[in-house]
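Chains, contacts and geometry: an overview
In case you want the letters, here they are:
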Amino acid sequence: MYVKSITLEHYRNLKNTRIFFSEGINVIDGDNAQGKTNLIESLWLFTGGRSFRGARESELIAFGEKQARTELCFHSQDRDQTIALTITGSKRTAVLNDVPKSGLSQIIGSFCAVVFSPDHLTLIKNGPEERRSFIDAAICQIRPSYAAVLSRYKRVLNERNALLKDIPRHRDLEDTLDIWDERLAHEGALAAQERFHYIEKLTGLAETFYAGISDGKESLSLTYKTTYGGQSGMTREELKELILASLLKKQRDDIYCGFTTSGIHRDDLTVTINGREARSFGSQGQQRSAVLALKLAEASVLQQEKGEAPVILLDDVLSELDASRQSYLLHKLEGLQVFITCCDTHIHSDHKLRIADGVVVPEDESHVSPFGQ
Ligand code: ATP
Ligand code: MG
C-alpha cells in the first residue's frame, strides 16, 4: 500500500495544495512550527482513527475557516483508490472511492498506517488505557468489525455503571443486574478473544525487534493481564464464563464503588525489559526502543494479516535515536513507503520535501501542483 498524493484545503497551517509522494522514503524537513507534524497527522486521519495528538476535530480546521477538506489518492489491492474527508465543526465525514460513508468507522481498514511520534512514549509511561487503545486500534485496522464489538461493550458497560449508581437508592433494581452481566460477559468475551489472538501474533515479533534494536543485549517481553483470569488459547465460551463469574463475584464491590471493577476495560499489557516493568524501571532510551519494537511489530502483523504493508509515519523519531538504532530502523522499513519528519538532511531519501510556514516545497518542483490544477 502506498500514498500517491494528498490534497489539502484549509487544513491547520498548511497552504492549499496537492502533494505527490514517492513509493519509498519521503523525508519531510523544515524548522520548528512549520507544519511537518500537521502533514503527518493529515495522512494518519485517513485510517479513520482520531488525531494521534489527541486533537479535537475543530482544531484541524485552519484558523478563521469553517471547513477543512483533504483527499488521499492511494494504491491498495492492486488499484488506485481515494478517500475524501470533510471536517466541519466537530464532525468528520468520509467518501471512499466516491461512495459517501455514514461514519468514520466505515473507512477503517481501507487505508492502513502505523504512526510513531515522541508522544507515543505514553504507550509505556501512561496507564493501561493507553495500551488497550493501542491494541484495539491495531485490531480495528485488521478487522474493522471489531470496532462494533468495542462500541457495544462500551454501551453495555455504561448502562451497567448507571444501574450500579441507581441501586443504592432503588434496591429493587438489583435484580436486573444479572441481565447486564450476561450481556457484558458476552461482548467482553468476543473482544478478549480478539485481543488474545492479536497479542499472540504481536509478542514474538516485538521481542525479535527489541532484541535487534538493542543489539541482542536486552530482552523485551509482553504479558496480557486480565482481572478475570483470562488466558491465551481459551475459547470464547471459557472467557465468557470467567468474565461472568468475576462480575457476579464483584457485584457487591461494584454497587459500593458505583462502577464495574472487572472486565476487559481493566485489562493491561505489561511490557518488561530484562524482566523488569518498563513503565517503572525502563530508561528513556529503553522505553523509546520498546515503543519502536511495538510499532514495528504492529506494522508486521498488519502486513501478514492484510497481505500488504501499511504506510509508516515517523514524526520526529529519528533525531531521538542513536546512529545504530536509526540504521536498524531504516533497514527494517526497506521496501515500505515511509514518511519521516526531521531536521537532519543526511538521511537517505527517495523524495525530499521542505516545509516553510505551511508551504510544502519538494526538491523536484513537479511533485506539487497548485491547488485546483
Ligand atoms: P516541530 O519541529 O516543532 O515539531 P512542526 O513543523 O511539526 O514543528 P506543527 O506541529 O506541524 O509544526 O505545527 C505548525 C504550526 O501549525 C504551529 O505553529 C501551529 O500554531 C499551527 N497550527 C496548528 N493548528 C492550526 C490551525 N488549526 N490553523 C492554523 N495553524 C495551526
Ligand atoms: Mg512536529
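Here, the structure is the one placed above.
Now for a description of the structure that goes with this document. These numbers come from a predicted model, not from an experiment. (Residues numbered from 1 in each chain as written. Chains lettered and ligands numbered in written order. Predicted model: local features only at pLDDT ≥ 70, side-chain atom pairs only at ≥ 80, totals over all residues. Heavy atoms only, no water.)

**Focus on the nonpolar core**
Membership of the largest hydrophobic core comes to 116 residues, with the highest contact counts inside it found for Ile 6, Phe 111, Leu 313, Leu 314, Leu 329 and Phe 339. Element by element, the count of residues in this core is highest for helix 5 (residues 177–213), at 16 residues. Contacts of Phe 111, omitting those with residues within four sequence positions, involve Met 1, Val 3, Leu 43, Phe 46, Thr 47, Leu 72, Phe 74, Ile 83, Gln 141 and Val 311. (Core = buried A, V, L, I, M, F, W, Y, C linked by side-chain atoms within 4.5 Å. Buried < 20%, exposed > 50% of the residue type's maximum accessible area, 1.4 Å probe, protein only. Helix = DSSP H or I, 4+ residues; strand = E, 2+ residues; numbered from the N terminus. Contact = heavy atoms within 4.5 Å.)

**Some thoughts on the pattern of salt bridges**
All chains considered together, the criterion is met by 25 salt bridges. Between Asp 80 and Lys 4 there is a salt bridge, and its shortest N-O distance comes to 2.9 Å. One end of the pair, Asp 80, is in strand 5 (residues 79–88); the other, Lys 4, is in strand 1 (residues 2–9), and 76 residues separate them in sequence. The partly exposed category is assigned to Asp 80, whose relative accessible area is 47%. (Salt bridge = Lys/Arg side-chain N within 4 Å of Asp/Glu carboxyl O.)

**Here we look at the environment of Ser 283**
Looking at the element boundaries, Ser 283 is found in the loop between helix 8 (278–281) and helix 9 (284–306). C-alpha separation for the pair Ser 283 and Thr 260, spaced 23 residues apart in sequence, amounts to 34 Å.

**Examining unusual backbone geometry**
What you tend to see is this: most non-glycine residues have negative phi, and most peptide bonds are trans. Residue His 10 is not a glycine yet carries a positive backbone phi of 55°. Within the secondary structure, His 10 sits in the loop between strand 1 and strand 2 (17–20). With a phi angle near 60°, Ala 33 is a residue other than glycine that sits in the positive phi range. The exposure class assigned to Ala 33 is exposed, which follows from its relative accessible area of 74%.

**Let's talk about the site of ligand 1**
Taken together, 16 residues surround ligand 1, and among them Asn 32, Ala 33, Lys 36, Thr 37 and Ile 61 come closest. One nitrogen or oxygen atom from the main chain of Gln 34 is found 3.1 Å from an oxygen atom belonging to ligand 1. The separation between an oxygen atom of ligand 1 and a polar side-chain atom of Arg 53 is 3.0 Å. Broken down by class, the residue content of the shell around ligand 1 amounts to 4 nonpolar, 6 polar and 6 charged. (Near = heavy atom within 4 Å. Polar contact = N/O pair within 3.5 Å; in protein donor to acceptor, adjacent residues only side chain to side chain. Nonpolar A, V, L, I, M, F, W, Y, C, P; charged D, E, K, R; others polar.)

**Notes on the sheet that holds strand 10 (residues 268–273)**
Note: strands within a sheet are paired through backbone hydrogen bonds, in either parallel or antiparallel orientation. With respect to topology, 3 strands assemble into an open sheet ordered 9-10-11, the strand pairing being antiparallel. Here the strands that pair on one side only, and so sit at the sheet edges, are strand 9 (220–225) and strand 11 (276–277). Bridge count for strand 10 against strand 11 is 2 bridges, and the pairing is antiparallel. Counterpart to Thr 272 in the pairing with strand 11 is Glu 277. The sheet strands contacting helix 3 (residues 128–142) are strand 9 and strand 10, and the helix crosses strand 10 at an angle near 100°. Lying on the sheet, helix 5 is in contact with strand 9 and strand 10; it crosses strand 9 at an angle near 165°. (Pairing = 2+ DSSP bridges. Axes fitted to C-alpha atoms, helices over the stretch in contact; angles between N-to-C directions.)

**Digging into the sheet that holds strand 8 (residues 113–116)**
Reading across from one edge, 8-12-13-3-14-15 is the order of the 6 strands in this open sheet, with mixed pairing throughout. A strand with exactly one partner marks an edge of an open sheet, and here the two such strands are strand 8 and strand 15 (359–362). Adjacent strand axes in the sheet meet at a mean angle of 20°, parallel and antiparallel pairs treated alike. The pairing of strand 14 (residues 351–356) with strand 15 spans 4 bridges and is classified as antiparallel. Note that in strand 15 the partner of Ile 355 across the bridge is Val 360. Its contacts with the sheet place helix 9 against strand 8 and strand 12 (311–315), and it is angled at close to 175° to strand 8.

**Some words on the pairing of strand 10**
The buried fraction of strand 10 is high, at 6 of 6 residues. In strand 10, alternate side chains face the same way, and those of Asp 268, Thr 270 and Thr 272 on one face and Leu 269, Val 271 and Ile 273 on the other are all buried. Pairing geometry for strand 9 and strand 10, over 6 bridges, is antiparallel. Looking at the pairing, Thr 223 lines up with Thr 270 of strand 10. In this antiparallel pair of consecutive strands, strand 10 and strand 11, the connection spans 2 residues, and Asn 274 shows a positive phi of 50°.

**Quick notes on the packing of aromatic side chains**
How two aromatic rings sit relative to each other is set out by the distance from centre to centre and by the angle between their planes. Scanning the entire structure with this criterion turns up 3 aromatic pairs. Look at Phe 74 and Phe 111: their rings are 5.5 Å apart centre to centre, the planes differ by 65°, and that puts the pair in the edge-to-face class. Here Phe 74 is found in strand 4 (residues 67–76), whereas its partner Phe 111 is found in the loop between strand 7 (99–101) and strand 8, with 37 residues between them in sequence. With relative accessibility at 0%, the residue Phe 111 sits in the buried group. For the ring pair Phe 196 and Tyr 224, a centre distance of 5.1 Å and an interplane angle of 80° mean the geometry is edge-to-face. Taken together, the positions of Phe 196 in helix 5 and Tyr 224 in strand 9 put the pair 28 residues apart, joining distant regions of the chain. Like Phe 196, the residue Tyr 224 is buried in the burial classification. Across the ring face of Trp 180, the terminal group of Arg 183 is positioned such that the distance to the ring centre comes to 4.8 Å. (Phe/Tyr/Trp six-rings, centres within 6.5 Å; stacked < 30°, edge-to-face > 60°. Lys NZ or Arg CZ within 6 Å of the ring centre and 35° of its normal.)

**Here we look at the environment of His 197**
Along the polypeptide, His 197 turns up in helix 5. Counting along the chain gives 35 residues from His 197 to Ser 232, while the straight-line C-alpha distance between them is 7.5 Å.

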